[in-house]
Amino acid sequence: QFSPLCRSLDAEVFSKAQFGQWASETMVRVRLDFNVKGRSDGPGRSAMDDKIRKENYLQALKHRYRVLGFPTVLVMTPDGTVVSRYRGYKKSYFDFYLARLKNDTGRAVKLHGKWQADMARRGYREWKDLRGRTIFARLTRYRGGEMVLVEPDGKRLQARESNLSKGDRAWIAEQRAKSRN
C-alpha cells in the first residue's frame, strides 16, 4: 500500500484491462499486502492477536519465497515451484512486463503438465463431480460406492461414486472389471 513502485506496478500493469483479461483466463492471482490490520472476532479473540497471526503468516511466506523487497512478483506452478521472480518495477514497461509474464506463465504450464504426467504414472488423475468441480487425486479405497481420494499433498477426501461425472463413474467400472479378471 505504501510502496511507490508497488502502486506504479498496479496502476501501469495489473489494473489494465488487457492484463486483467489475459490473467483471468490464464492464472490464479494472489496479492499480499504486508500492511495488515487485526480484527476482533468475539470474546477471547483480540484484534492484536489477529494482527500478529497475520503478520507471522506473511513473514513465513516472505521467508519461504525469499522476498527481499517490494514489489516482488512470482510466477509459480500449482505445487509452489517458483518459475520466475521479478523484483522491483520500472515505470512505463507495460508491454515488456506483460510479454515476460506471458512467456514465464507458458513455462509454468509446461512444468505443471510434466508434473501431472509424472503423478498420473503414480495413479493420480483428475476427478470431476456433477457440478463440474475438479480435484487431482488418487483413489486409495473403494467400498460400495464410497471412496477415499488422496491429493498429492496427502489430504484425504471422502467421496461418493454417485456424485462423480459420468466419465469418472465409467473409469471406476472399468477398473473394477479389470480387477475381477
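Description of the structure in this document. The shown structure was predicted, so the numbers you read here are calculated from the model rather than taken from an experiment.

### Details of the overall build of the protein
Looking only at helices and strands, the protein features 5 helices and 6 strands. Listing every helix and strand of the protein by position from the N terminus yields α-α-α-β-β-α-β-β-β-β-α. Against the globule reference of 16 Å for 181 residues, the protein gives a C-alpha radius of gyration of 22 Å, more extended than a compact globule. Along the first, second and third principal axes, the C-alpha set of the protein runs to 65 × 50 × 30 Å. Expressed as a percentage of the 181 residues in the protein, the buried residues total 28%.

### Side note on the packing of aromatic side chains
Applying the stated criterion across every chain, the model contains 9 aromatic pairs. In this arrangement the basic side chain of arginine 125 is found over the ring face of tryptophan 127, its NZ or CZ atom lying 4.5 Å from the centre. Across from the ring centre of tryptophan 171, 4.3 Å away, lies the NZ or CZ of arginine 125, which sits over that ring.

### Side note on the side chain of threonine 77
With respect to the element layout, threonine 77 can be found in the loop between β1 (72-76) and β2 (82-87). Polar contacts involving the side chain of threonine 77 include one to the side chain of aspartate 79, which spans 2.3 Å. Those residues in contact with threonine 77 that lie beyond four places of it in its chain are Val83, Ala108, Leu111 and His112.

### Some details on helix α1 (residues 4-14)
Listed as buried for α1 are Ser8, Leu9, Glu12 and Val13. Within α1, the buried residues cover an arc of 100 degrees as seen down the axis, which keeps them to one side. Considering only its buried residues, α1 is in contact with α2 (17-26), β1 and α4 (94-121).

### Points about the nonpolar core
Val13, Phe19, Tyr97 and Leu101 are the most contacted members of the largest nonpolar core, which has 15 residues in total. Breaking this core down by element, the ones donating at least two residues are α1, α2, β1, β2 and α4. With 5 residues, α4 is the largest single contributor of residues to this core. Listed in part, the 7 residues of the second largest apolar core include Trp127, Leu149, Ala159 and Ile172.

### A short note on the environment of serine 165
Looking at the secondary structure, you find serine 165 in the loop between β6 (156-160) and α5 (166-180). Ignoring anything within four residues of it in the chain, the contact list for serine 165 reads Lys128, Asp129 and Leu130.

### Some words on the side chain of serine 3
Considering the arrangement of structural elements, one finds serine 3 in the segment before α1. A distance of 3.2 Å separates a polar atom in the side chain of serine 3 from the backbone nitrogen of cysteine 6.

### Quick word on the pattern of salt bridges
Per the stated rule, a full pass over the model turns up 11 salt bridges. When the shortest N-O distance is used, the salt bridge between lysine 51 and glutamate 55 registers 3.4 Å. Residue lysine 51 and its partner glutamate 55 are both found in helix α3 (residues 47-64); the two are separated by 4 residues, about one turn of the helix. For lysine 51, a relative accessible area of 26% corresponds to the partly exposed category. Between arginine 122 and aspartate 118 there is a salt bridge, with the nearest N and O atoms lying 3.2 Å from each other. Accessibility expressed as a relative area gives 53% for arginine 122, which makes it exposed. Residue aspartate 118 is classed as partly exposed on the basis of its relative accessible area, which comes to 28%. Via salt bridges that share partners, Asp50, Arg53 and Lys54 belong to a single interconnected network.

Reading the values: the criteria
- Residues numbered from 1 in each chain as written.
- Predicted model: local features only at pLDDT ≥ 70, side-chain atom pairs only at ≥ 80, totals over all residues.
- Heavy atoms only, no water.
- Helix = DSSP H or I, 4+ residues; strand = E, 2+ residues; numbered from the N terminus.
- Rg over C-alpha atoms; globule rule 2.2 N^0.38 Å.
- Buried < 20%, exposed > 50% of the residue type's maximum accessible area, 1.4 Å probe, protein only.
- Phe/Tyr/Trp six-rings, centres within 6.5 Å; stacked < 30°, edge-to-face > 60°.
- Lys NZ or Arg CZ within 6 Å of the ring centre and 35° of its normal.
- Polar contact = N/O pair within 3.5 Å; in protein donor to acceptor, adjacent residues only side chain to side chain.
- Contact = heavy atoms within 4.5 Å.
- Arc of directions from axis to C-beta.
- Core = buried A, V, L, I, M, F, W, Y, C linked by side-chain atoms within 4.5 Å.
- Salt bridge = Lys/Arg side-chain N within 4 Å of Asp/Glu carboxyl O.

Remember that the coordinates give geometry; whether it matters functionally is a separate question.
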